[in-house]
Amino acid sequence: MTGSPNLHLSRRTLVAGLGALALPGCAHSRGMGRKGCSPLPPVIVDPARIIRQAVGFRPYRPSGFVVRRDDERLAPKRLVHNYGHGGGGITLSWGSSKLAVDLGLPGHRGPVAVIGAGALGLTTAKLVQEAGFPVTLYAAALPPNTTSNIAGGEWHPAFAYDPEKVDFAFRGQLREACRYSYERFQTMIGADYGVRWMRNHEMSGDPIVTEDVDKIIYDMLPRNRALRQSEHPFPFAHVRSWDCPIVETPIFLRAMVRDLLLGGAKFVVGKIEAADQLRNLSETLVFNCTGLGAAELFGDKELIPVRGQLVMLQPQPEVTYAIHAPDVTYMFSRSDAIILGGTAGFNDTNPNIVPQQTLDILTKHRRVFDRFRCT
C-alpha cells in the first residue's frame, strides 16, 4: 500500500478544483435533504475527509485466471497454479482455490506448500488445512501488506478477463468458481470476517448493457432489476440495482491468518526470486498463488498489472450502499472508510499517488452526490 506524503500540500489544489462543482440538489454535502427526498444519504465528498489513499495492482490476464496442474516444471514435485484473477481476486478466492485443491490434493500425502499470502494463498491454504493436510505459506509479505488488502472487496469480478479472449470452457470454470465463493462467503456473514450484504446501484445516461460476466452470475445477484426514476435519487436516466456481499478485506484477511494459525499452519516470510528455489522446499505439493509474481517466476508473458488508485474518506455509518457510475467511478461503503475509485491503468506500474487522479476521483463522485434528486 502506498501513502500520499503530499496529501496536505495538495488539499489546497483539491479544494480549488472541487469548489466549482457545488451544484443544487435534493441531498447536499451535509447529508440533509428536504422532506420527501430520497432516503439514501449522500456521501460527503470533501478533501478534508480523506484519511488515506492507496495504489494497488490487479494481476490481469486477458484470457482469464489460471488454475492448472503442472507436473513437469518442478518434477518430481507437483505444482498447481492459481493466479491471474484481475480485479476479481476476492470474489473468486474461495472458488478458484477449490478448483486448485481439487486438482492437487487427490493422491497426495504429506505437507503442502502455498506460495503467496494474499486472498488466493490464504483461501487455498485453508482448504488444504480443512482437507487434513499440514500447510506452510511462503510469502514475500503478509497481511496487511499485500495487494489483496487494498481491494475494495465487492463480490463481483471486475477486470477479470477479456470476453473476446475466453471460450465456453473458461466461462464454465468462472461460474463454478463464482458459485463456490458466493456460497462460502455467505457462511462468513458477520463482523468477525467483515462480510455483509450490500445494495449496489449501476447508473448510466444510456441504456445499461449487460456485461458478459453479469450474464454468467446473473442468478447470484438477488433483487437484480432496473429501477424507475421515482425509485432512486441518482442524476442518471438509467439505474440498475442488485444485492451482493461485500468483503472488508482488512478484517477478512486478518481473520483468515488467525484461523490458519489456530489450525497449525506455518508462515515463512521471504521473497522467492526464482521458481527453481521451490525445488528446495520439503513439501512435494506446491500451490502457486503469487498473483503478479507469476509473470517473473513462471514466465507468464500474458500477465500484466492493471493499476488502481483509491481514495478513502472518513466512514459514514449511515451510508450502506455502493454505486457504479460511468468512467470507472465507484463507491463502496465499509466500516473503516468510504472507498472511492477508480482508475484502470493497464500496464501502469507507478506505485505512487497521482494528485490529478485524486482530484478526478473526487470530482466524479461529487458530481453524483451533489446532484441527488427528490423521488
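Bear in mind that the values here come from a model prediction, so they are computed numbers and not experimental data.

1. Considerations on the overall build of the protein
So, step 1. Summing up its helical and strand segments, the protein has eight helices and 15 strands in all.
So, step 2. Taking all 375 residues of the protein together, 55% fall into the buried category.
So, step 3. When the accessible surface of the protein is summed, it comes to about 16300 Å², and 54% of that surface belongs to carbon and sulfur atoms.

2. Notes on the confidence of the model for the protein
In regions of low pLDDT, the predicted coordinates are not meant to be interpreted in detail.
So, step 1. Of the residues in the protein, 90% reach a pLDDT of 70 or more, and the chain-wide mean stands at 90.
So, step 2. Every residue in residues 1-13 is under pLDDT 50, and counting partners more than four places away or in other chains gives 19 contacts.
So, step 3. Residue range residues 19-36 is modelled with pLDDT below 50. Its contacts to residues more than four positions away, or to other chains, number 32 contacts.

3. So, the packing of aromatic side chains
So, step 1. Summed over the entire model, instances satisfying the criterion amount to ten aromatic pairs.
So, step 2. A ring pair is formed by F234 and F372, whose centres lie 5.4 Å apart and whose planes are at 85°; its orientation type is edge-to-face. Of this pair, F234 sits in the loop between β7 (225-227) and β8 (238-247) while F372 sits in the segment after α8 (355-369), and the two are 138 residues apart along the sequence. With respect to class, F234 is no different from F372; both count as buried.
So, step 3. Residues Y330 and F332 carry aromatic rings whose centres are separated by 5.0 Å and whose planes lie at 25° to one another, so their mutual orientation is stacked.
So, step 4. Exposure remark for Y330: the relative accessible area of 14% places this residue in the buried category.
So, step 5. Counting every residue linked through ring pairs, the aromatic cluster contains Y60, F159 and F346.

4. Points about the sheet that holds strand β4 (residues 112-115)
So, step 1. Here we have six strands laid out as an open sheet, ordered β2-β3-β10-β4-β5-β9, and mixed in their pairing. Looking at the sheet topology across the chains shown, the edges are occupied by β2 (66-70) and β9 (266-269). With strand direction ignored, the average angle separating the axes of adjacent strands in the sheet is 20°.
So, step 2. In the packing of helix α3 (residues 119-130) onto the sheet, contacts are made with β3 (78-83), β4, β5 (135-139), β9 and β10 (285-288), and the angle to β5 comes to roughly 170°.

Thresholds, definitions, all that
- Residues numbered from 1 in each chain as written.
- Predicted model: local features only at pLDDT ≥ 70, side-chain atom pairs only at ≥ 80, totals over all residues.
- Heavy atoms only, no water.
- Helix = DSSP H or I, 4+ residues; strand = E, 2+ residues; numbered from the N terminus.
- Buried < 20%, exposed > 50% of the residue type's maximum accessible area, 1.4 Å probe, protein only.
- Areas by Shrake-Rupley, 256 points an atom, 1.4 Å probe, with all protein chains shown as cover.
- pLDDT = per-residue confidence, 0-100.
- Contact = heavy atoms within 4.5 Å.
- Phe/Tyr/Trp six-rings, centres within 6.5 Å; stacked < 30°, edge-to-face > 60°.
- Pairing = 2+ DSSP bridges.
- Axes fitted to C-alpha atoms, helices over the stretch in contact; angles between N-to-C directions.

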